[in-house]
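# Architecture at a glance
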Amino acid sequence: MATLDIRLKKVNKIYREGDLVAGVVVVQSKGGELQHQGISLVVEGIVNLQLSAKSVGVFEAFYNSLKPIQLLHYPLEIAKPGRLPSGKTEIPFEVPLKPKAGKTLYETYHGVFVNIQYLIRVDMKRSLLNKDLSKQCEFIIEYKDQEEKAKPKPVTFSISPETLAGVKEKQAIPRFKVKGKLESSCIQITRPLKGELTVEHCEAAIKSIEIQLVRVETCGCAEGYAKDATEIQNIQIADGDVCRNIAIPIYMIFPRLFTCPTLSTNNFKIEFEVNIVIIFHDDHLVTENFPIKLTRF
């Protein structure tokens, strides 16, 4: 009976390009010495791209070109074939975080159609009669500190039936006017999205006002691009028919891993938007969209 585990020195598992990923591989064995055919470790960073179901047929021409993009690959032999004593054995390792030639270590991101992941995998080869052992562990990459910091770009808005885009029957919408502001459309990812809105007047009763965070992921190449928007989170900021002419605060924290600094490359893009959604009592809703740019610093 034997088990493998990976323990990193950094508890939060957050690293930057140029750092050393250090830790130990822990081998636990019971019932005598453990014979093995070598223990190897590999650190890799991969961007996985995939198309949504609606895009597959349309973009078959470049469907095969959406191969995983390898950003980092560092193999290491940490133990030659031999025996390990019964009990607990710790094998230390250190791996430098350097991207492959011509590549960049993008920030860790778990999306729907774009995934950027960094993994450490340990494999122990064993004899024919014993099953090989394997263990993997994810760690997080963040960008290095930059001298150029994000500059706030305040956004003021006014929402009324006249301002709504793509609505054919505007006369069917209740007369209303909502004004407000966002502190910035360029936001440091560790800070919240902040602002406020005020319902100046509204003919119909309001059921709810919500803030929706949306990821817009684009995959493709020279033959074409597939762009898909999916919701990350939805926060209700007002419940029921709110008082008129009272400022309602907007406050949204960006979830770790499901967001990253806005990114644009030759093969994919990761962008973000915020929707302000006003739902009336008859469940009719209106939405105003704001593109935002996320930065690390």
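Placed above this text is the structure.
What you see is a predicted model; the values in this text were computed from it and never measured.

### Side note on the pairing of strand 18 (residues 247-252)
Only one face of strand 18 is covered, namely the face carrying Ile-248, Ile-250 and Met-252; the face carrying Ala-247, Pro-249 and Tyr-251 is uncovered. Bridge count between strand 15 (residues 193-202) and strand 18: 6 bridges; the pairing is antiparallel. Bridging across to strand 18, Gly-195 finds its partner in Ile-250.

### Details of the side chain of Ser-208
Topologically, Ser-208 is positioned in strand 16 (residues 206-221). Side chain to side chain, Ser-208 and Gln-236 meet in a polar contact 2.9 Å long. With residues near it in sequence (within four places) discarded, Ser-208 still touches Gln-236, Ala-238, Gly-240, Val-277, Ile-278 and Ile-279.

### Here's the deal with the environment of Glu-77
Note on placement: Glu-77 falls in strand 6 (residues 69-79). The class of Glu-77 is partly exposed, set by a relative accessible area of 49%. A sequence separation of 54 residues divides Glu-77 from Lys-131, and the C-alpha atoms of the two residues are 19 Å apart. One polar contact links Glu-77 to Lys-80, side chain to side chain, over a distance of 3.2 Å.

### Observations regarding the packing of aromatic side chains
Under the counting rule described, the total for this entry stands at 6 aromatic pairs. Both rings, one in Tyr-109 and one in Phe-272, keep their centres 6.5 Å apart while their planes meet at 80°; by these two values the pair is edge-to-face. Of this pair, Tyr-109 sits in strand 9 (residues 109-110) while Phe-272 is found in strand 20 (residues 268-280), placing the two residues 163 residues apart along the sequence. Residue classification places Phe-272 among the buried residues on the basis of a relative accessible area of 1%. Seen from their ring centres, Tyr-118 and Phe-139 are 5.9 Å apart, and the 40° between their planes marks the pair as tilted. In this pair, Tyr-118 is assigned in strand 10 (residues 114-124) and Phe-139 in strand 11 (residues 133-141), connecting sequence segments 21 residues apart. This pair shows no difference in class: Tyr-118 is buried, exactly as Phe-139 is. A network of ring pairs unites the aromatic residues Tyr-15, Tyr-118 and Phe-139 as a single cluster. Here the basic side chain of Lys-10 rests over the ring of Tyr-15, its NZ or CZ set 5.0 Å away from the ring centre.

### Observations regarding unusual backbone geometry
For residues that are not glycine, phi is negative in most cases, and the peptide bond is trans in most cases. The backbone phi angle of Lys-13 is positive, close to 60°, even though this residue is not glycine. Relative to the helices and strands, Lys-13 resides in the loop between strand 1 (2-8) and strand 2 (14-15). Positive phi, close to 60°, is recorded for Asn-245, a residue that is not glycine. Within the secondary structure, Asn-245 is located in the loop between strand 17 (224-239) and strand 18. The exposure class assigned to Asn-245 is exposed, which follows from its relative accessible area of 55%.

### Structural notes on the sheet that holds strand 8 (residues 87-96)
Read from one edge to the other, the open sheet built from 3 strands follows the order 1-3-8, with strand pairing classed as antiparallel. In the strand order of this sheet, the two ends are held by strand 1 and strand 8, each with one partner. On average, each strand axis in the sheet is inclined to that of its neighbour by 20°, with strand direction left out of account. Pairing of strand 1 with strand 3 (residues 20-29) involves 7 bridges; the strand directions are antiparallel. Of the residues in strand 3, the one forming a bridge with Asp-5 is Val-26.

### Here's the deal with the sheet that holds strand 13 (residues 176-182)
The strand order across the open sheet formed by 4 strands is 12-13-15-18, and the pairing between neighbours is antiparallel. Of all the strands in the sheet, just strand 12 (155-159) and strand 18 have a single pairing partner and so form its edges. Each adjacent strand pair in this sheet contributes to an overall mean axis angle of 20°, direction not counted.

About the criteria used
Residues numbered from 1 in each chain as written. Predicted model: local features only at pLDDT ≥ 70, side-chain atom pairs only at ≥ 80, totals over all residues. Heavy atoms only, no water. Buried < 20%, exposed > 50% of the residue type's maximum accessible area, 1.4 Å probe, protein only. Helix = DSSP H or I, 4+ residues; strand = E, 2+ residues; numbered from the N terminus. Pairing = 2+ DSSP bridges. Polar contact = N/O pair within 3.5 Å; in protein donor to acceptor, adjacent residues only side chain to side chain. Contact = heavy atoms within 4.5 Å. Phe/Tyr/Trp six-rings, centres within 6.5 Å; stacked < 30°, edge-to-face > 60°. Lys NZ or Arg CZ within 6 Å of the ring centre and 35° of its normal. Axes fitted to C-alpha atoms, helices over the stretch in contact; angles between N-to-C directions.

The quantities given are spatial measurements derived from coordinates; they are silent on function.
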